[in-house]
Protein chains: 2
Amino acid sequence: MTGTQTAAVTARSAPGYGEGRQALLAAAVHVVATRGLRHLTYRSVAQQANVAHGLVAHHFGTRDALLAAALEFSLANSVGSISTEPGSGDLDALFAGVVDMVRANPDDQAFQYELILEARRRPELRPQVEQVYATYREALRSELQAAGVEADDALVHLVFAAVDGLVFQQVCLDEPALTLPSLERLRDLLRPLSGRSVRAD
Amino acid sequence: MTGTQTAAVTARSAPGYGEGRQALLAAAVHVVATRGLRHLTYRSVAQQANVAHGLVAHHFGTRDALLAAALEFSLANSVGSISTEPGSGDLDALFAGVVDMVRANPDDQAFQYELILEARRRPELRPQVEQVYATYREALRSELQAAGVEADDALVHLVFAAVDGLVFQQVCLDEPALTLPSLERLRDLLRPLSGRSVRAD
DNA sequence: CGCACAACTGGTCATCTGGACAGTTGTGAG
DNA sequence: CTCACAACTGTCCAGATGACCAGTTGTGCG
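Going along each chain's sequence as written, the residues are numbered from 1 onward. Chain letters start at A and ligand numbers start at 1, both assigned in the order the entries are written. Per-residue local features are limited, in this predicted model, to residues with pLDDT of at least 70; the limit for side-chain atom pairs, both in listing and counting, is 80 or more; totals at the level of whole chains, interfaces and linings are taken over all residues. Remark: hydrogens and water are excluded; side-chain values derive from all non-hydrogen atoms of the structure.

(A) Representation of the overall build of chain A in the model. Helix and strand counts for chain A come out as nine helices and zero strands. On the principal axes, the C-alpha backbone points of chain A span a range of 65 × 40 × 30 Å. Burial status follows relative accessibility: with a 1.4 Å probe on protein chains alone, a residue under 20% of its type maximum counts as buried, one over 50% as exposed, and anything between as partly exposed. Counting over 201 residues, chain A shows a buried share of 48%. Two residues qualify as a contact provided that any one of their heavy atoms is within 4.5 Å of a heavy atom in the partner residue. Restricting the contact set of chain A to residue pairs at least 6 apart, pairs at least 24 apart contribute 67%. Every accessible area reported is derived by Shrake-Rupley at a probe size of 1.4 Å, with residue values counting cover from the shown protein chains alone. Accessible surface computed for chain A: about 9,400 Å², of which carbon and sulfur atoms make up 52%. The positive count covers Lys and Arg only, the negative count covers Asp and Glu only, and His and the chain ends enter neither. Taken as the charge location is NZ of Lys, CZ of Arg, CG of Asp or CD of Glu. The centroid of the 18 positive side-chain charges in chain A is displaced by 8 Å from the centroid of its 24 negative side-chain charges. Under the scheme used here, helices are H or I runs from DSSP no shorter than 4 residues and strands are E runs no shorter than 2 residues, and both carry numbers assigned from the N terminus.

(B) Main features of the relation of the copies chain A and chain B. Overlay of chain A on chain B (RMSD 0.0 Å): rotation 180 degrees, translation along the axis 0.0 Å. What the superposition gives is, in effect, a two-fold axis relating one chain to the other. The overlap is high: 100% of the interface residues of chain A also sit at the interface in chain B, so the same surface is used on both sides. To superpose the copies, least squares is applied to the C-alpha atoms of every residue with a pLDDT of at least 70 in both.

(C) Quick peek at the packing of helix α1 (residues 20-35) of chain A against helix α6 (residues 106-118) of chain A. Residues and elements named next belong to chain A. Axis definition: a line fitted to C-alpha atoms, over the contacting stretch in the case of helices. Angles run 0 to 180 degrees between N-to-C directions. Taken N-terminus to C-terminus, the directions of α1 and α6 make an angle of 75 degrees; their axes are 8 Å apart at the nearest point. Classified by the angle between their axes, α1 and α6 sit roughly perpendicular to one another. Where α1 abuts α6, its residues Ala28, Val29, His30, Val32, Ala33 and Thr34 lie against Asp107, Asp108, Ala110, Phe111, Glu114 and Leu115. Three residue categories are used. Nonpolar comprises Ala, Val, Leu, Ile, Met, Phe, Trp, Tyr, Cys and Pro, charged comprises Asp, Glu, Lys and Arg, and polar comprises the others, including Gly. Considering only residue class, the contact of α1 with α6 consists of seven nonpolar, two polar and three charged. An angle counts as roughly parallel when it lies under 35 degrees, as roughly antiparallel when it exceeds 145, as roughly perpendicular when it falls between 65 and 115, and as oblique in every other case.

(D) Molecular detail of the protein's contact with DNA strand D. The immediate surroundings of DNA strand D are formed by 24 residues, with Tyr42 of chain A together with Tyr17, Gly18, Ala52 and His59 of chain B found nearest. In the interface set of DNA strand D, defined as its atoms within 4 Å of the protein, sugar plus phosphate atoms amount to 59%. Mapped onto the surface near DNA strand D, the elements with two or more residues apiece are α2 (42-49) of chain A together with α3 (54-60) of chain B. Per-element accounting of the surface near DNA strand D gives the leading share, four residues, to α3 of chain B. Only heavy atoms are used to decide nearness, and a residue is near a molecule or strand if one of them lies within 4 Å of it.

(E) Molecular detail of the protein's contact with DNA strand C. Neighbouring DNA strand C are 22 residues, the closest being Tyr17, Ala52 and His59 of chain A together with Tyr42 and His53 of chain B. When atoms of DNA strand C within 4 Å of the protein are sorted by moiety, sugar and phosphate together comprise 56%. Arg43 of chain B has a polar side-chain atom sitting 2.9 Å from a base nitrogen of DNA strand C. Here a polar contact is taken to be a pair of N or O atoms separated by no more than 3.5 Å, where protein atoms must pair a possible hydrogen donor with a possible acceptor and residues adjacent in sequence count only if both atoms sit in side chains. Within the backbone of Arg63 of chain B, an N or O atom sits 3.0 Å from a phosphate oxygen of DNA strand C.

(F) Quick peek at the packing of helix α4 (residues 63-78) of chain A against α6 of chain A. Residues and elements named next belong to chain A. Closest axis-to-axis distance for the α4/α6 pair is 10 Å, and the angle between their directions is 135 degrees. Considered as vectors, α4 and α6 are oriented oblique to each other. In this structure, α4 meets α6 at a crossing whose hand is left-handed. Contact with α4, carried on its side by Leu67, Ala70, Leu71, Ser74, Leu75 and Ser78, involves Asp108, Gln109, Phe111, Gln112 and Leu115 of α6 and no other residues of that element. Tallied by class, the residues present in the contact of α4 with α6 amount to six nonpolar, four polar and one charged. The hand of a helix crossing depends on one turn: near helix anticlockwise from the far one by less than a right angle means left-handed, and clockwise means right-handed.

(G) View of the pattern of salt bridges. Salt bridges are defined as contacts in which a side-chain nitrogen from Lys or Arg sits within 4 Å of a carboxyl oxygen from Asp or Glu. For the structure shown, the criterion picks out 28 salt bridges over all chains. A salt bridge links Glu114 of chain A to Arg121 of chain B, with the shortest nitrogen-to-oxygen separation between them at 2.7 Å. Here Glu114 of chain A is found in helix α6, whereas its partner Arg121 of chain B is found in the loop between α6 (106-119) and α7 (126-146) on a different chain. The partner of Glu124 of chain A in a salt bridge is Arg122 of chain A, and the shortest N-O contact between them spans 2.6 Å. You can call Arg122 of chain A buried: its relative accessible area is 8%.

(H) Quick peek at the nonpolar core. Ranked by size, the top nonpolar core spans 130 residues in total, and within it Phe95 and Leu144 of chain A together with Phe95 and Leu144 of chain B carry the most contacts. In contact with Phe95 of chain B, other than residues within four places in its own chain, are Ile82, Ser83, Leu140, Val159, Val163, Leu183, Leu186 and Arg187 of chain B. Here the nonpolar core consists of buried residues drawn from Ala, Val, Leu, Ile, Met, Phe, Trp, Tyr and Cys, with membership extended through side-chain atoms lying within 4.5 Å.

(I) Looking closely at the domain arrangement of chain A. Residues and elements named next belong to chain A. Note: domain ranges come from an automatic or database domain assignment. On domain assignment, one finds that chain A holds domain 1 (15-65) and domain 2 (79-193). For domain 1 and domain 2, the distance between their C-alpha centroids amounts to 29 Å. Between domain 1 and domain 2, the contact holds nine residues from the first and nine residues from the second. A simple way to read buried area is as the amount of 1.4 Å-probe accessible surface that goes missing from two parts once joined, with both sides added. Taking both sides of the interface into account, the surface hidden between domain 1 and domain 2 amounts to around 710 Å²; carbon and sulfur atoms contribute 63%. Linking domain 1 to domain 2 there are one salt bridge. A salt bridge links Arg122 to Asp64, with the nearest nitrogen and oxygen atoms 3.5 Å apart. At the surface where domain 1 touches domain 2, the tally comes to two residue pairs in polar contact (both at pLDDT 80 or more).

Okay, structure coming up:
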């Protein structure tokens, strides 16, 4: 690519030298999220990344390996804190940023749900999926304990499943309007279990 | 197929005359659930159904139409009551059969999650998906009200999302051990909201 | 500048796929 | 039994796909 930027009328510019691998990872997330696993082909992902299709085999070897790497990439980019005030025990801060996070990164969420389902069929993907679930659950346990809630396994599992379900529905049915009030109700349900009564209501 | 049953050593027998269409629908659910949407091809579904692959085009015309029909088929086969004692208001009966239902029909659950994600990309699938969610939510609202719980939209949405999330995790991560205790905890959280205190603890 | 190596390109090929289609088989009514 | 029609079969074909690969280009070091 030597001085032909003016000739390149595509919406996406070619990645810089040495940036192809990363561009392919991001492209894989986008293609899967928007068109499904079925349409993730060497050519579709290369086109999305604006590189030649042979580069997929060059960097990843196989389609399966691309997917595994893309999952790792997506998780690394989206795992965040479950509270806007980590460690504070403030229930109002718990999951407070979820709706905006999903809105800001719908591709990552959708991609991850696709890959979680794929993990049923691809055992090599499971460690990553399980690790993320476990990480979030431990973080949730800490937050609940900081709030004075006795956080046994069943409660942690339930609360995390509830949020997982809310996000899934937001992503799939595009119903963000009810996510915030539902999270509010979740906090209302948890509040009597905590040692605190901060909210004046 | 005239008297060659002894020669047919395949695990699946060919469907009877006139039963091909139904066999293909069931096969589609199984193939998608076990191998993903990507591997749902005319040939894979026909092989699973033990019919010739041309029959897919004959009955459904296109792969997309097969999927839409299979979703309808799967939903018709799996939508059940959310309580083991419908209308009773008994919180202990609420979602009591869920774990066993998922265990008995993992294919249907997985298939439906695959199709829910697919509905993001295929607007024609959305009415069915939304209809099922709406039906379940209304049923949940009724059960909660029968239990004396003031069932506003946010609470219904939250409770259904929680169960949806639990089922998703059971299906994908194969962790049924925590589903029952989590449902128990969900009921514990709902109990103070009801006008009843039936459980002796 | 030359060189080693990585990144990248785009052609190639065997195989698969969606779907059309002509021919065969099965069913039920008259 | 005959006939109309639906169900079914398996071949065909154009296009797509995963992956390989020889050749080209870019980078950084000596």
